[in-house]
Amino acid sequence: MEKIKLITDSACDIPVEDEKRLGITILPVPITIGTKGYFERESFTFDQFYDIVETSEELPVTSHVLSITYQEEYEKAFQQGYTHIIVVSIYSGASNMNFAANTAISAFYEEHPEAKEKITIEVLDSRTFSLGYGYPLMQAAEKIEAGASFQEIISYLKGCFDHTHVYFSPFTLKYVKKSGRVSCAAAFVGELIGLRPVISMNGGPSQTVAKVRGSGAVTPQMVSLFQQHAAKHTPYIVLRAKTTQYPQELAKLMEDTVGYPPVGIFKIGASITINTGPDIVGLVFLGK
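Residues numbered from 1 in each chain as written. Predicted model: local features only at pLDDT ≥ 70, side-chain atom pairs only at ≥ 80, totals over all residues. Heavy atoms only, no water.

Trainee: Looking at this model, I keep getting lost on the sheet that holds strand β12 (residues 265-267). Mind explaining?
Mentor: Think of a sheet as strands paired side by side through backbone hydrogen bonds, with each pair either parallel or antiparallel. One open sheet accounts for six strands, arranged β10-β9-β8-β13-β11-β12; its pairing is mixed. If you trace the sheet from one side to the other, it starts and ends with β10 (207-213) and β12, each paired once. Strand-to-strand twist in this sheet, taken as the mean axis angle between neighbours without regard to direction, amounts to 25 degrees. Strands in contact with helix α6 (residues 150-163) are β8 (164-170) and β13 (280-286); relative to β8, the strand with the most contacts, it is inclined by about 45 degrees. (Pairing = 2+ DSSP bridges. Helix = DSSP H or I, 4+ residues; strand = E, 2+ residues; numbered from the N terminus. Axes fitted to C-alpha atoms, helices over the stretch in contact; angles between N-to-C directions. Contact = heavy atoms within 4.5 Å.)

As C-alpha cells, this is what we get:
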C-alpha cells in the first residue's frame, strides 16, 4: 500500500492551520535582514513580517532551503514508512530550492542504498509562486487522504502547474523598484501619474501584463484577466498582505461577476512581500 508524503517550501504560503491539518511538511525559507538571519514561519508571523519590511532600511533577502535539509526530511519519511515523497518547489528560475531538493535525492540514496527499492522521490517545479502551488498542494493532500495514488497525485499537480495563473498588483512602486522588478525611472514616472502594474507570475519569470491608472482600476483589471483566461467554474483565491480594502473589493467584484465566492482570502509570505511590498492584491486561478 502506498504511503505518500508531501514536502514543500514556505514560499507556498499555505496557512499554518492548513499545514497542520493536512500534514504537509513545509520547510522554512531562510531570510536575511541586515546582518541577522531568520526563518520564515518560525521567526515571525505573516503580519510581523509586513511590519519588518515597512520599517527595515534594507530590503530583506531570501535564500534557498539547503540540500541537507531536504535530505534530512527524506530520511525522516523513510524511517516513518513512507513509500513515496512528492516535493514541490517555488519556480526554479527564482530560487535554487528545486535544485537543492533534486541534489538531496542522490545524497539520500548514497547513504541509504537499501531505500532505492522501497521509497520513490519525485521533485516538481511548480513554475509559479505563493498559493499558485500552495493551493494545489492542499488539494493534493485531500486527494491522498481520500486514497489517490502516487501517479494520480503527480498527474494532478502537473496539470495544475501547466494551467496556473497568478497575478499581483502593488499599490506602491517603492518595493518593486528596490527589488528591480521595475526600473527606478519607470517607478518614478509611474508614481507620478498614478500607474499601477499588474504582474503575472505564470509558468516562468514575472512580467507586467497591464498598467492601469489609479488603485481603483486594479480590481476590475484582475476580473477582466480572469474572464479572459480562467477555466470554466474554476475555483479562485484572492491574495492579500497588510492591505484589506482592495482584496475584499476584489472578492466581492469577482463573486458578483462570476457568480460564486473565492476559496478564501489568503495572506502572502516573505518571498512575494519582499518583491511587491505589503500593500498588494492578488488573484490565483486555473486557466483554460
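Trainee: Help me out: how do you make sense of the packing of helix α3 (residues 67-79) against helix α4 (residues 97-111) in this one?
Mentor: Helix-helix packing: each pair is described by the crossing angle between the helix axes and the interaxial distance. Between α3 and α4, the shortest axis-to-axis distance is 8 Å and the interhelical angle comes to 50 degrees. With respect to α4, the axis of α3 lies oblique. As for the relative orientation of α3 and α4, their crossing is right-handed in sense. In contact with S67, Y70, Q71, Y74, E75 and F78 of α3, α4 contributes M97, A100, A101, T103, A104, I105, A107, F108 and E111. Residue composition of the contact of α3 with α4, grouped by class: 10 nonpolar, three polar and two charged. (Parallel < 35°, antiparallel > 145°, perpendicular 65-115°, else oblique. Left-handed = near helix turned anticlockwise from the far one by under 90°. Nonpolar A, V, L, I, M, F, W, Y, C, P; charged D, E, K, R; others polar.)

Trainee: Looking at this structure, I do not really get the nonpolar core. What am I missing?
Mentor: Buried together is how nonpolar side chains tend to be arranged in soluble globular proteins. By size, the foremost hydrophobic cluster in this structure holds 63 residues, and its most contacted members are Y70, Y74 and I86. Contact partners of Y70, with chain neighbours within four places excluded, come to D9, L27, V65, V87, M97, A100, A101 and A104. F171, L225, Y236 and A251 belong to the second-largest nonpolar core, a separate cluster that totals 20 residues. (Core = buried A, V, L, I, M, F, W, Y, C linked by side-chain atoms within 4.5 Å. Buried < 20%, exposed > 50% of the residue type's maximum accessible area, 1.4 Å probe, protein only.)

Trainee: Just to check I follow, could you spell out the sheet that holds strand β5 (residues 61-62) for this structure?
Mentor: Strand order in the open sheet formed by three strands is β4-β3-β5, with antiparallel pairing between adjacent strands. For this open sheet the edge positions go to β4 (36-39) and β5, each flanked by a neighbour on one side alone. Where strand β3 (residues 30-33) lies against β5, two bridges are found, and the strand directions are antiparallel. What sits directly across from I31, in β5, is T62.

Trainee: Quick question: what am I supposed to make of the packing of aromatic side chains here?
Mentor: To describe a pair of aromatic rings, one takes the distance between the centres and the angle between the planes. Following the criterion strictly, the structure yields 11 aromatic pairs and no others. Their ring planes at 50 degrees and their centres at 5.3 Å tell us that F108 and Y109 sit as a pair that is tilted. There is no split in this pair, since F108 and Y109 are both buried. With centroids separated by 4.9 Å and ring planes inclined at 70 degrees, the aromatic side chains of F226 and F285 adopt a geometry described as edge-to-face. Here F226 is found in helix α9 (residues 218-229), whereas its partner F285 is found in strand β13, with 59 residues between them in sequence. The pair F226 / F285 is uniform in exposure class, with both members buried. A connected cluster of aromatic rings, assembled from ring pairs, spans Y167, F226, Y236, Y260 and F285. Its guanidinium or amino end placed over the ring of Y156, K143 lies 4.7 Å from that ring's centre, counting from NZ or CZ. (Phe/Tyr/Trp six-rings, centres within 6.5 Å; stacked < 30°, edge-to-face > 60°. Lys NZ or Arg CZ within 6 Å of the ring centre and 35° of its normal.)

Trainee: Explain the environment of D125 to me, please; I cannot follow it from the model alone.
Mentor: By secondary structure assignment, the location of D125 is in strand β7 (residues 120-125). Distance in space between the C-alpha atoms of D125 and A270 is 19 Å, their sequence separation being 145 residues. Among residues more than four places away in sequence, those in contact with D125 are S89, I90, Y91, S92, N98 and F161. Of the polar contacts made by the side chain of D125, one reaches the backbone nitrogen of R127; its length is 2.9 Å. (Polar contact = N/O pair within 3.5 Å; in protein donor to acceptor, adjacent residues only side chain to side chain.)

Trainee: Is there a simple way to explain the pattern of salt bridges in this structure?
Mentor: Between side chains of opposite charge, pairing is possible as soon as their charged atoms come close. With the rule as written, the count across this model stands at nine salt bridges. Among the ionic pairs, R21 bridges to D18, the shortest N-O distance being 2.8 Å. Of this pair, R21 and D18 both sit in helix α1 (residues 16-22), three residues apart, which is roughly one turn of that helix. The closest approach of N and O atoms between K252 and D256, which form a salt bridge, is 2.9 Å. Here K252 and its partner D256 are both found in helix α10 (residues 245-258), four residues apart, which amounts to about one turn of the helix. Like D256, K252 is exposed. Each of D18, R21 and E142 takes part in a single network of salt bridges with overlapping partners. (Salt bridge = Lys/Arg side-chain N within 4 Å of Asp/Glu carboxyl O.)

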